[in-house]
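# Overview (structure and organization)
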Amino acid sequence: MSHKGFLIAGNWKMHPDTLGEAKAVFASIARKAKSARKTVVVIAPPAPFIRDLGGKGGKAGKSGAKGNANGGRPGIVRMAAQDVSEHHSGAFTGSVSARELRSAGAEYAIIGHSERRAAGDTGEIVAKKAKQALEAGLRVILCVGETERDGHARYLQTVREQVHSVLSAIDKKLARWMTIAYEPVWAIGKSYDSAPKPQDIHEMSIYIRKTAAEVLGKKSGLDIPVLYGGSVDAENAKAILKDASIDGLLVGRESLDPKSFGNIIEYADSI
Ligand code: PGA
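A short tour of the structure in this document, coming up. (Residues numbered from 1 in each chain as written. Predicted model: local features only at pLDDT ≥ 70, side-chain atom pairs only at ≥ 80, totals over all residues. Heavy atoms only, no water.)

As a volume, the largest pocket reaches approximately 480 Å³. Lining the largest pocket are 20 residues, with Ala47, Gln82, Asp83, Val84 and Arg116 sitting closest to its centre. Its residues assigned to classes, the lining of the largest pocket comprises eight nonpolar, six polar and six charged. (1 Å grid on protein atoms, 1.4 Å probe; cavity = no way out; pocket = protein on both sides within 12 Å on 5 of 7 lines; lining within 4 Å. Points joined across faces, edges and corners; volume = space filled by probe spheres on them. Nonpolar A, V, L, I, M, F, W, Y, C, P; charged D, E, K, R; others polar.)

The biggest cluster of nonpolar side chains holds 69 residues, and the ones touching the most others in it are Tyr228 and Leu249. If you tally residues by element for this core, the top one is helix α6 (residues 198–216), at six residues. With sequence-adjacent residues up to four places away left out, Leu249 is seen in contact with Leu7, Ile8, Ala9, Leu227, Tyr228, Val232, Ala237, Ile240, Leu241 and Ile264. Judged by nonpolar contacts, the second largest core, of 13 residues, contains Ala9, Val40, Ala181 and Leu250. (Core = buried A, V, L, I, M, F, W, Y, C linked by side-chain atoms within 4.5 Å. Buried < 20%, exposed > 50% of the residue type's maximum accessible area, 1.4 Å probe, protein only. Helix = DSSP H or I, 4+ residues; strand = E, 2+ residues; numbered from the N terminus. Contact = heavy atoms within 4.5 Å.)

What follows covers the pattern of salt bridges. Counted under the stated rule, the structure contains 16 salt bridges. One salt bridge connects Glu146 with Arg149, and the closest N-O pair in it is separated by 2.8 Å. A residue is classified by how much of its surface remains accessible, and Glu146, at 1% relative accessible area, is buried. Taking the relative accessible area as the measure of exposure, Arg149 reaches 30% and is therefore partly exposed. Close ionic contact of Arg149 with Asp200 constitutes a salt bridge, the shortest N to O distance being 3.2 Å. Highlighted residues: Arg149 in the loop between β5 (139–144) and α5 (154–167) and Asp200 in helix α6, separated in sequence by 51 residues. Several salt bridges converge on common partners, so that one network encompasses Asp83, Arg116, Asp121 and Lys129. (Salt bridge = Lys/Arg side-chain N within 4 Å of Asp/Glu carboxyl O.)

Structural data, given as structure tokens:
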């Protein structure tokens, strides 16, 4: 049976330096996305580039979220914010709100990325950010993942707490706009052979869905889309997409390489 359609998301982090470079990389990815029949492609560029790269815009507070849990129809690259403020609006110099990002064209928001957690986002802050994003009509890609694999399975508890603290804080009616990205911190930004094996990702995806079900109930919890992220490249993506029973990938470095990211999209669309 062929797959119903993956979500392939690229997290550009703080790259590239200029809008011109961003447009060049984006144009190439957009061409690939256009020929995808079932794969939803999402790019999270630096926030100032969202509008220029073709964010569709949207009225803050009005959900642009339609279609299945993995996103709208394929063909167009969807824009994601890399983070949102935990506040609704107000005197928070330097912060950007979920509603502003939605208005600039973001349809998704990455929340709780390990680099934001390392910069000070606690579980409580991550939960507030997820709430703000959902209430602004953004789909949330919630990143969870342990810093290290200990021998006593404490890492499972870490992931469980990260999932619980967000899902128990949000309006359950909005839970269908949530995707969870399993991103073990020890596998982010490393060599491509350090990504976990598909079987291992498969086990974690089951654990994450079961954990989600504890909060959301069986139906919504077990159906929650799970992505994998951490040192994905065009090579290891194949086995992960084929054998890890996940709903897609969150790709860092390789999403700035149009050829490699394009190959990932093409492969995802072919299975
Ligand atoms: P990487 O980053 O693919 O460069 O490891 C993944 C991420 O941080 O989301």
